[in-house]
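Okay, here's what each chain looks like letter by letter:
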Amino acid sequence: MSACALTGHRVLGGGFSRKKAEDALRALIAEGADTFYCGMALGFDLYCCELLLRLREEFPVRIVACVPCADQAARYSPRAKEKYEALLSACDEKIVLHEKYENGCMFERNRCMVDRCDVLLAYLETERGGTFYTVNYAKKRGKRIVFL
């Protein structure tokens, strides 16, 4: 059994494929991934969380929400906040690093997920920001990376 962390952009651009994301998750599950670490950010994270909840009906997978701060969704729109809360409550486990937002807590969350995983599933289109940071950290830690 193994663990997979998820990282991707908040804005899903034209290069994003829902089918490729599902195919990649199914392939990782077939290889033995049974625990998925999700950062719960808008975009890729929440999309994968939703997808994993559907896949959990077919496969015995655990979803672990890695939350950088308890007030992560404070600035989300009401609709996004409602979706976030529903997905968060459906996760099997929650790791909350800080009560309130602190400078660097998002990067800390990303390192926490990479440190606990065997493989990183990444949707990376630009070489900047949190996803780029997370992919580079995973490379330094010698983690296997699957790119969408």
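To be clear, the structure that these remarks concern was listed above.
Residues numbered from 1 in each chain as written. Predicted model: local features only at pLDDT ≥ 70, side-chain atom pairs only at ≥ 80, totals over all residues. Heavy atoms only, no water.

I tried to follow the packing of aromatic side chains on my own but got confused; where do I start?
Where two aromatic rings form a pair, the distance of their centres and the angle of their planes describe that pair. Considering all chains together, one arrives at six aromatic pairs under this definition. With a centroid separation of 4.4 Å and an interplanar angle of 55°, the aromatic rings of F107 and Y133 are classed as tilted. Residue F107 is found in helix α4 (residues 105-116), and its partner Y133 is found in helix α5 (residues 129-140); the two are separated by 26 residues along the sequence. With relative accessibility at 35%, the residue F107 sits in the partly exposed group. (Phe/Tyr/Trp six-rings, centres within 6.5 Å; stacked < 30°, edge-to-face > 60°. Helix = DSSP H or I, 4+ residues; strand = E, 2+ residues; numbered from the N terminus. Buried < 20%, exposed > 50% of the residue type's maximum accessible area, 1.4 Å probe, protein only.)

I keep staring at the environment of I63 and nothing clicks. Help me out?
The topology assignment puts I63 in strand β3 (residues 62-67). Separated by 80 residues in sequence, I63 and K143 have C-alpha atoms that sit 19 Å apart.

Could you clarify how one ought to interpret the state of the cysteines in this entry?
Every disulfide links exactly two cysteines, by a covalent bond between their sulfur atoms. Going through the model one piece at a time under the given rule, you end up with zero disulfides. Cysteine C69 is unpaired, with the sulfur of C105 as its nearest cysteine sulfur at 4.1 Å. For C69, a relative accessible area of 1% translates into the label buried. This cysteine, C91, is not joined by any disulfide, and C49 carries the nearest cysteine sulfur, 3.9 Å off. (Disulfide = S-S within 2.5 Å.)

Can you help me understand helix α2 (residues 44-55) in this one?
Three or four residues apart is the spacing at which side chains of an α-helix point the same way, because the helix has 3.6 residues per turn. Taking 1.5 Å as the rise per residue, α2 with 12 residues should run 16 Å; its terminal C-alpha atoms sit 16 Å apart, in good agreement. Counting buried positions over the 12 residues of α2 gives 10, a clear majority of the element. Among all positions in α2, only F44, D45, L46, Y47, C48, C49, L51, L52, L53 and L55 are buried. The inward-facing, buried residues of α2 contact β1 (2-8), α1 (18-30), β2 (33-38), β3, α3 (78-90) and β5 (119-123). (Expected span 1.5 Å × (residues − 1). Contact = heavy atoms within 4.5 Å.)

So what exactly am I meant to see when it comes to the nonpolar core here?
Where a protein is soluble and globular, its nonpolar side chains tend to be buried together. Counting residues in hydrophobic clusters, the biggest one holds 35 residues, and the most contacted among them are L6, L25, F36 and M40. Elements with a contribution of two residues or more to this core: β1, α1, β2, α2, β3, α3 and β5. Considering each element in turn, this core owes the most residues, nine residues, to α2. The residues contacting L6, other than those within four sequence positions of it, are L25, F36, Y37, C38, F44, D45, C48, L52, M113, L120 and L121. By size, the runner-up hydrophobic cluster in this structure holds 15 residues, among which are V114, A122, V135 and I145. (Core = buried A, V, L, I, M, F, W, Y, C linked by side-chain atoms within 4.5 Å.)

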